[in-house]
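# Inside the fold
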Amino acid sequence: MISEPELIGADGEIPPRPPAPPLPPVGDDAVIGDRPPRPPRAPLRAWLWALGGAAVASALWAGGLYAYASREPDPDGYRVSADLCEDAEMKAVTALYGARHEPDPSAQEHAAMDWSRCWYSFGEEVTGEGYQDGTGTVVIEYRLSRRTDPGPQFDADVMLENSFGGPVDLDPVPDLGERAFFARTESDEVPRLHVLDGQAVVSLYVDPPFDDEGTLPADVRKDTEKLMIMDMRDLLTALRR
């Protein structure tokens, strides 16, 4: 049998195998090829502390969110009105159309919202040329929200409340509460006045006495709107006493 000369020596002996090169270190700081050294491993206790801290922070955040969400809105001085007819004196309107009579107040209290209403008639001593006695009415409604903010849906509520009279036009009233509108419809001689001020929403409707022909002159209508704004300012002040 013929052997390969590089594997067998001249005397037929197999030469010893050369020693293998030393292996690279295998510790955490070893570099193998182009791979960067592996960062030191965090101790298990530190990792558990971090996890516990995150859980505590999450619990605190959730508790704070719940406390914020469950906090009742600030009524900003507005109170319940047990007798809205007494709070709403309507001095400006009655000065033009005559003293009010037959007041009919009503009120309900609820954990979510307090509600008050006033109805009365006026005009027993109506002054002014071309007007007849009696037949005027005033309707006032007051809602004080205890749990939710009425602001985002105020415009929609006004539109819905007046929609039975046909198309509704909202005419902004400046410098009255937080936001205010006259809601104008074709069926009403005098528009309804709606005011949002914080948690309070107040609506005022005036049906004045008509002249002998059953109409309301345009100048009288404008005067009535101005008087409604004046009386509404006084009412908002009275509801915060």
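Right above here is the structure, for reference.
Residues numbered from 1 in each chain as written. Predicted model: local features only at pLDDT ≥ 70, side-chain atom pairs only at ≥ 80, totals over all residues. Heavy atoms only, no water.

## Some points on the layout of surface pockets
The condition that has to hold: Of the grid points, spaced at 1 Å and generated over the protein atoms alone, those admitting a 1.4 Å probe that cannot get out make up cavities, while open sets with protein on both sides within 12 Å along at least five of seven lines make up pockets; any residue with an atom within 4 Å of a point is treated as lining. Grid points are joined across faces, edges and corners, and a volume is the space filled by probe spheres set on the points. The helix and strand labels rest on DSSP assignments: H or I over at least four residues marks a helix, E over at least two residues marks a strand, and numbering proceeds from the N terminus. Each residue is assigned to one class: nonpolar for Ala, Val, Leu, Ile, Met, Phe, Trp, Tyr, Cys and Pro, charged for Asp, Glu, Lys and Arg, and polar for all the others, Gly among them.
In this structure, the largest pocket occupies an estimated 160 Å³ of space. Lining the largest pocket, in full, are Arg 79, Glu 86, Asp 87, Ala 88, Glu 89, Met 90, Lys 91, Asp 231, Asp 234, Leu 235, Ala 238 and Arg 241. Every element with two or more residues in the lining of the largest pocket is listed here: helix H2 (84-87) and helix H5 (218-238). The biggest single contributor to the lining of the largest pocket is H5, with 4 residues. Taken together, the residues of the lining of the largest pocket sort by class into 4 nonpolar, no polar and 8 charged.

## A few points about the sheet that holds strand E4 (residues 169-172)
Threshold: At least two bridges found by DSSP between two strands are what make those strands a pair. Note on method: axes are straight lines fitted to C-alpha atoms, helices fitted across the in-contact stretch only, with angles between N-to-C directions ranging 0 to 180 degrees. Throughout, a residue-residue contact means that at least one pair of heavy atoms, one from each residue, lies within 4.5 Å.
Strand order in the open sheet made by the 7 strands is E1-E2-E3-E7-E6-E5-E4, with antiparallel pairing throughout. Only two strands of the sheet have a single partner each, and these edge strands are strand E1 (100-108) and E4. The sheet shows a mean angle of 15° between the axes of neighbouring strands, taken without regard to direction. As defined by bridge partners, E1 adjoins strand E2 (residues 113-122) across 7 bridges and the pair is classed as antiparallel. Its bridge partner being in E2, Arg 100 is matched across the sheet by Phe 122. Along the sheet face, helix H4 (residues 154-162) touches strand E3 (136-145), E4, strand E5 (179-184), strand E6 (192-197) and strand E7 (200-207) and points at about 160° away from the line of E6. Docked against the sheet, H5 engages E3, E5, E6 and E7, running at close to 145° with respect to E7.

## Quick notes on the packing of aromatic side chains
Selection criterion: Within 6.5 Å between ring centres, the rings of Phe, Tyr and Trp (the latter by its six-membered ring) count as paired, and their orientation is classed by plane angle as stacked under 30 degrees, edge-to-face over 60, tilted in between. Throughout, exposure labels follow a simple rule: accessible area from a 1.4 Å probe, protein chains only, divided by the maximum for the residue type, with under 20% read as buried, over 50% as exposed, and the rest as partly exposed. For a lysine, the NZ atom is tested; for an arginine, the CZ atom; a charge sits over a ring if that atom is within 6 Å of the ring centre and within 35 degrees of the ring normal.
Here the structure, examined in full by the defined rule, presents 2 aromatic pairs. Between Tyr 97 and Phe 122, the aromatic rings sit 5.6 Å apart at their centres with planes inclined by 40°, giving tilted as the arrangement. Of this pair, Tyr 97 sits in helix H3 (residues 91-97) while Phe 122 sits in strand E2; the two residues are 25 residues apart in sequence, bridging distant segments of the chain. Here Tyr 97 matches Phe 122 in class, with each residue buried. Here Phe 154 and Phe 181 contribute two aromatic rings whose centre-to-centre distance is 6.0 Å and whose plane-to-plane angle is 25°, an arrangement assigned as stacked. Residue Phe 154 is found in helix H4, and its partner Phe 181 is found in strand E5; the two are separated by 27 residues along the sequence. By the burial criterion, Phe 154 is buried, and Phe 181 matches it. A cation over a ring is seen here: Arg 100 above Tyr 120, with NZ or CZ 5.0 Å from the ring centre.

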